[in-house]
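# Structural description and commentary
For reference, the chains in residue letters:
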Amino acid sequence: MTGLNALKMDANIVVLGTDNVGKSAVTVRFLTRRFIGEYGDIETIYSHSFSVDGRELTLSIWDSPYSQQDISTSSSLCEKRLQWADGFVLVYSICDRASFNMVTRLIQSIKATKEYMGLEKVPIAIVGNKRDLHHRRTVLSEEGRLLALASGCQFFEVSAAENYHSVIMVFHGLVDRIRESRSVIKKPAGIKGIVKSMSAVFARRRTDSL
Ligand SMILES: Nc1nc2c(ncn2[C@@H]2O[C@H](COP(=O)(O)OP(=O)(O)OP(=O)(O)O)[C@@H](O)[C@H]2O)c(=O)[nH]1
Ligand SMILES: [Mg+2]
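Summary of the structure given here. (Residues numbered from 1 in each chain as written. Chains lettered and ligands numbered in written order. Predicted model: local features only at pLDDT ≥ 70, side-chain atom pairs only at ≥ 80, totals over all residues.)

## So, the overall build of the protein
From N to C terminus, the protein includes 7 helices and 6 strands. Starting at the N terminus, the α and β elements of the protein follow one another as α-β-α-β-β-α-β-α-β-α-β-α-α. By the burial criterion, 33% of the 210 residues in the protein qualify as buried. (Helix = DSSP H or I, 4+ residues; strand = E, 2+ residues; numbered from the N terminus. Buried ≥ 20, exposed ≤ 12 C-beta atoms within 10 Å, placed from the backbone.)

## Notes on the site of ligand 1
Around ligand 1 there are 20 residues in total, and Gly22, Lys23, Ser24, Ala25 and Ala161 lie nearest to it. In terms of residue class, the shell around ligand 1 is built from 8 nonpolar, 7 polar and 5 charged. (Near = placed C-beta within 6 Å. Nonpolar A, V, L, I, M, F, W, Y, C, P; charged D, E, K, R; others polar.)

## Here we look at the sheet that holds strand S4 (residues 87-93)
By definition, the strands of a sheet pair up through backbone hydrogen bonds, in either a parallel or an antiparallel sense. Pairing is mixed across the open sheet formed by 6 strands, whose spatial order is S2-S3-S1-S4-S5-S6. Of all the strands in the sheet, the pair left with one neighbour each is strand S2 (44-52) and strand S6 (154-157). Averaged over all pairs of adjacent strands, the angle between their axes in this sheet comes to 25 degrees, without regard to strand direction. With 4 bridges joining them, strand S1 (residues 8-16) and S4 adopt parallel strand pairing. Each bridged residue has a counterpart across the sheet, and for Ile13 the counterpart in S4 is Gly87. Relative to strand S3 (residues 55-63), helix H2 (residues 23-32) is tilted by about 155 degrees, and along the sheet it contacts S1, S2, S3, S4 and strand S5 (124-129). Relative to S4, helix H4 (residues 97-116) is tilted by about 160 degrees, and along the sheet it contacts S1, S4 and S5. (Pairing = 2+ DSSP bridges. Axes fitted to C-alpha atoms, helices over the stretch in contact; angles between N-to-C directions. Contact = placed C-beta atoms within 7 Å.)

## Some thoughts on the pairing of S4
Counting buried residues along S4, 7 of its 7 residues qualify, which places the element largely inside the surrounding structure. Neither face of S4 is left uncovered, since the one carrying Gly87, Val89, Val91 and Ser93 and the one carrying Phe88, Leu90 and Tyr92 both have all their residues buried. Running through H4, the crossover from S4 to the neighbouring parallel element S5 is right-handed. (Right-handed = clockwise from strand over helix to strand, strands pointing away.)

## Thoughts on the environment of Arg55
Within the fold, Arg55 resides in strand S3. Of the residues examined, Arg55 has 13 C-beta atoms within 10 Å and is grouped as partly exposed. Contacts of Arg55, omitting those with residues within four sequence positions, involve Leu7 and Met9.

## A look at the pairing of S2
With 9 bridges connecting them, S2 and S3 associate as antiparallel partners. If you follow His48 over to S3, its bridge partner there is Leu59. Counted along the chain from S2 to the antiparallel partner S3, the turn is 2 residues long, and its residue Asp53 has a positive phi close to 50 degrees.

## Looking at unusual backbone geometry
Of note, the phi angle at Asn20 is positive, near 75 degrees, even though the residue is not glycine. Residue placement: Asn20 occurs in the loop between S1 and H2. Overall, the presence of 14 C-beta atoms within 10 Å leaves Asn20 in the partly exposed class. Despite not being glycine, Asp53 shows a phi value in the positive range, around 50 degrees. The residue Asp53 is located in the loop between S2 and S3 in this model.

Here it is, written out as structure tokens:
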């Protein structure tokens, strides 16, 4: 990327998780800074432009109620989402163990579908929501962190109800991962890189023949 292109980036993000965990609350908090309490059952793809450190970002964020997600590995809906997505936000509630178990299954499903489709690695952020309800907690922070470590995902605990900053970190962190994954795929070796790797090959040949 050079010039103006280096300062602009578009990315598609899909938000998944079981019902009532706060997918819409997290998404709407990020987009509007507000927590409005009730969100309805509408599948929506939001578009949001903003700038960070002088870079212009346009995110498309796909939020849908659990019943419309259809995340089984063989489903064409799931494949459509995976093809479309540059990154995933997987939300569970820290008060709902079943929602955490579903995140584990979602990661497996995303990775399996990705492999089946021959796609590159997809950045994933695991998000434990409803942190304000710590007195009803059934999933420890460490469990979320361990899952993230084991599956190569990012991990955040947030409260969409009480805290805007933590929600911002989720999306900004994921955008960083998306940017990294793109630079790994697209980064050209450049003349310096080519000279360096050729020298390494010849150096190895010289030492091999000693
Ligand atoms: N206490 C608390 N409640 C929250 C939080 N986030 C969401 N909620 C509440 O949890 C309920 C579900 O939130 P939604 O954002 O609609 O959940 P969803 O995952 O989008 O649910 P579906 O679209 O039906 O799959 C609502 O009553 C929200 O007000 C949070 O951080 N803390
Ligand atoms: Mg919703």
